[in-house]
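One letter stands for each residue in the lines below.
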Amino acid sequence: MAATQKIVLNPSRDIPFNKLVLSQANVRRVKAGVSIEALAESIARRSLLQSLSVRPVLDAAGNETGMFEVPAGGRRFQALELLVRQNRLARTAPIPCIVKTEGLAEEDSLAENTDREALHPLDQFRAFQTLRAKGQGEEEIAAAFGVTAAVVRQRLKLAAASPALLDAYAEAAMTLDQLMAFCVSDDHARQEQVWATIQRGWNKEPHTIRRMLTEGAVRASDRRPRFVGIDAYEATGGIVMRDLFQDDEGGWLQDPALLDRLVAERLAHEADAIRAEG
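Description of the structure in this document. Keep in mind that what you see is a predicted model, and the values were worked out from it rather than measured. Each chain has its residues counted from 1, running along the sequence as written. Confidence filtering applies because this is a predicted model: local features only for residues at pLDDT of at least 70, side-chain atom pairs given and counted only at 80 or more, and all residues used for totals across whole chains, interfaces and linings. Hydrogen atoms and water are omitted, and side-chain values are computed over all heavy atoms in the structure.

### Re the overall build of the protein chain
Tallying secondary structure elements over the protein chain gives 13 helices and eight strands in all. C-alpha atoms of the protein chain, sized along the principal axes, occupy 105 × 55 × 30 Å. Each residue's exposure class comes from its accessible area (1.4 Å probe, protein chains only) as a fraction of the maximum for that residue type: buried when under 20%, exposed when over 50%, partly exposed otherwise. Per-residue burial for the protein chain yields a buried fraction of 34% across its 278 residues. Relative to all contacts within the protein chain whose residues are 6 or more apart in sequence, the contacts with residues 24 or more apart total 69%. Surface summary for the protein chain: the accessible area is close to 17,200 Å², and the carbon and sulfur share equals 52%. We score Asp and Glu as negative and Lys and Arg as positive, and we do not count His or the chain ends. By convention, charge coordinates are those of NZ in Lys, CZ in Arg, CG in Asp, or CD in Glu. Of the side-chain charges in the protein chain, 35 are positive and 39 negative, and the distance between the mean point of each set is 3 Å. We count a stretch as a helix when DSSP gives it H or I for four or more residues in a row; a strand needs E for two or more, and each element gets its number in order from the N terminus. Contacts are assigned to residue pairs that have any heavy atoms within 4.5 Å of one another. What sets the accessible areas is the Shrake-Rupley method with a 1.4 Å probe; for residues, cover comes only from the shown protein chains.

What follows is the structure, encoded as structure tokens:
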């Protein structure tokens, strides 16, 4: 039996930035996704995480000129170029590159953009959760990834949902809108109970999930919470469910019994004050 021919990978080398030029063979024409400015900031913060794919530029006689074109990694090249223009990167800075001479440059560019697999949103949620657990604050994470602190809080909230629900979302048995609706509550047991209930029915709309999870709770817009104050309720151990994904008018108070006790105490205090006035 003939021996299987081994694959030989293309060599990598550091090439000065001023020896690189953007190739016309790059198939990406439509601007979409992360901006060049945002990518430049990412490179400035984390350095270059992925090498450029380059090919030697040849003269009319087929000889190498010492320059290299970039058919795959054009956005990274443009981000590096921006850093050079901003005087944040030297024009001669060494850039990690994979050097190719065989095949078609257009095929390299197309393969790089189609072979990659986008990160599942759940992996991103969990990555934010890991960064938070390792000591990074919400504002710091937001600045690092060009999002608002509110977005970071939303993703952390999603990552904190019941593992059973996260598994269902990962397996495409649940939509992102449904998962967001479940996150109105932090009670994993209750989340799982509602999930089991709606799976047996036909109505699985997010508003139905929110309604089921907030049954028995008191809206913050109710007269009783307005009378005693949300701060007073929370100061005595009361929990308020809040929806980070839509306007919740202040949320829902989970402990109606505690709320009613505070209302009675406040009414008694007001009555005493009125009696004291004669």
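### Some thoughts on the pattern of salt bridges
Side-chain pairs of opposite charge can arise where the charged atoms are in close proximity. By salt bridge we mean one thing: a side-chain nitrogen of Lys or Arg within 4 Å of a carboxyl oxygen of Asp or Glu. Throughout the structure, instances matching the rule amount to 11 salt bridges. Lys157 is the salt-bridge partner of Asp186, the closest N and O atoms lying 2.8 Å from each other. With Asp186 in the loop between helix H8 (176-182) and helix H9 (188-199) and Lys157 in helix H6 (residues 149-159), the pair connects residues that are 29 residues apart, well separated along the chain. The class for Lys157 is buried, based on a relative accessible area of 18%.

### Remarks on the packing of helix H1 (residues 36-46) against helix H2 (residues 74-85)
Simply put, an axis is a line fit to the C-alpha atoms, just over the touching stretch for a helix, and the angle between two N-to-C directions goes from 0 to 180 degrees. Viewed as axis vectors pointing N to C, H1 and H2 meet at an angle of 75°, and their least axial separation amounts to 8 Å. One way to sum up the angle between H1 and H2 is to call them roughly perpendicular. Of the residues in H2, those in contact with Ile36, Glu37, Leu39, Ala40, Ile43 and Ala44 of H1 are Arg75, Arg76, Gln78, Ala79, Leu80, Leu82 and Leu83. Taken together, the residues that form the contact of H1 with H2 break down as nine nonpolar, one polar and three charged. By definition in this entry, angles of less than 35 degrees are roughly parallel, angles greater than 145 are roughly antiparallel, angles of 65 to 115 are roughly perpendicular, and the rest are oblique. Side-chain classes are defined by residue name, with Ala, Val, Leu, Ile, Met, Phe, Trp, Tyr, Cys and Pro counting as nonpolar, Asp, Glu, Lys and Arg as charged, and the others, Gly among them, as polar.

### Here's the deal with the packing of aromatic side chains
Classification of ring pairs rests on two measures: the distance between centres of Phe, Tyr or Trp rings, Trp counted by its six-membered ring, which must be within 6.5 Å, and the angle between planes, read as stacked under 30 degrees, edge-to-face over 60 and tilted in between. Enumeration over the complete set of coordinates arrives at four aromatic pairs. The interplanar angle of 20° and the centroid separation of 5.2 Å between the aromatic rings of Phe17 and Phe77 together place this pair among those described as stacked. Of this pair, Phe17 sits in the loop between strand S1 (12-16) and strand S2 (20-22) while Phe77 sits in helix H2, placing them 60 residues apart in sequence. Residue Phe77 is classed as buried on the basis of its relative accessible area of 5%. When the ring of Phe125 is compared with that of Tyr169, the centres are 6.5 Å apart and the planes differ by 10°; the resulting orientation is stacked. Here the residue Phe125 occupies a position in helix H4 (residues 121-133), and Tyr169 occupies one in helix H7 (residues 163-170), the gap between them amounting to 44 residues.

### Let's talk about the environment of Pro121
Mapped onto the secondary structure, Pro121 falls in helix H4. Looking at Pro121, the relative accessible area reads 34%, which means it is partly exposed.

### Quick notes on the sheet that holds strand S6 (residues 218-219)
Between any two strands, at least two bridges found by DSSP are needed for them to pair. If you trace the three strands from one edge of the open sheet to the other, you get S6-S8-S7, paired in antiparallel fashion. Two strands close off the open sheet at either side, each with one partner strand: S6 and strand S7 (240-241). When S7 meets strand S8 (residues 252-253), the two strands line up antiparallel, connected through two bridges. Paired with Val240 across the two strands is Leu253, which belongs to S8.

### A word on the side chain of Arg76
Mapped onto the fold, Arg76 is located in helix H2. Ignoring sequence-local partners within four residues, the contact set of Arg76 consists of Leu39, Ile43, Leu48, Gln50, Ser51, Leu52 and Glu112.

### Focus on H4
The length a helix should cover is 1.5 Å for every residue beyond the first. For H4, with 13 residues, the first-to-last C-alpha span of 19 Å sits near the 18 Å given by 1.5 Å per residue. When we look at burial in H4, the residues that qualify are Leu122, Phe125 and Phe128. Mapping the buried residues of H4 onto a view down its axis gives an arc of 125°, with all of them on the same face. Buried residues along H4 sit in contact with helix H5 (138-145), H6, H7 and H8. A positive backbone phi angle near 105° is found at Gly135, which sits one or two residues after H4. In this context, the arc is that of the directions from the helix axis out to the C-beta atoms.

### Focus: the sheet that holds strand S3 (residues 52-58)
Taken in spatial order, the five strands make up an open sheet running S1-S5-S3-S4-S2, and their pairing is mixed. The two strands at the open ends of the sheet, each matched to only one other strand, are S1 and S2. Ignoring strand direction, the axes of neighbouring strands in this sheet form an average angle of 50°. Relative to strand S5 (residues 94-99), S1 is paired through five bridges, and the arrangement is antiparallel. Its bridge partner lying in S5, Pro16 is registered against Pro94.

### Some points on the side chain of Lys100
With respect to the element layout, Lys100 can be found in the loop between S5 and helix H3 (105-114). When near neighbours in sequence (up to four residues on either side) are disregarded, Lys100 contacts Asn10, Ser53, Val54, Arg55, Pro56 and Asp108.

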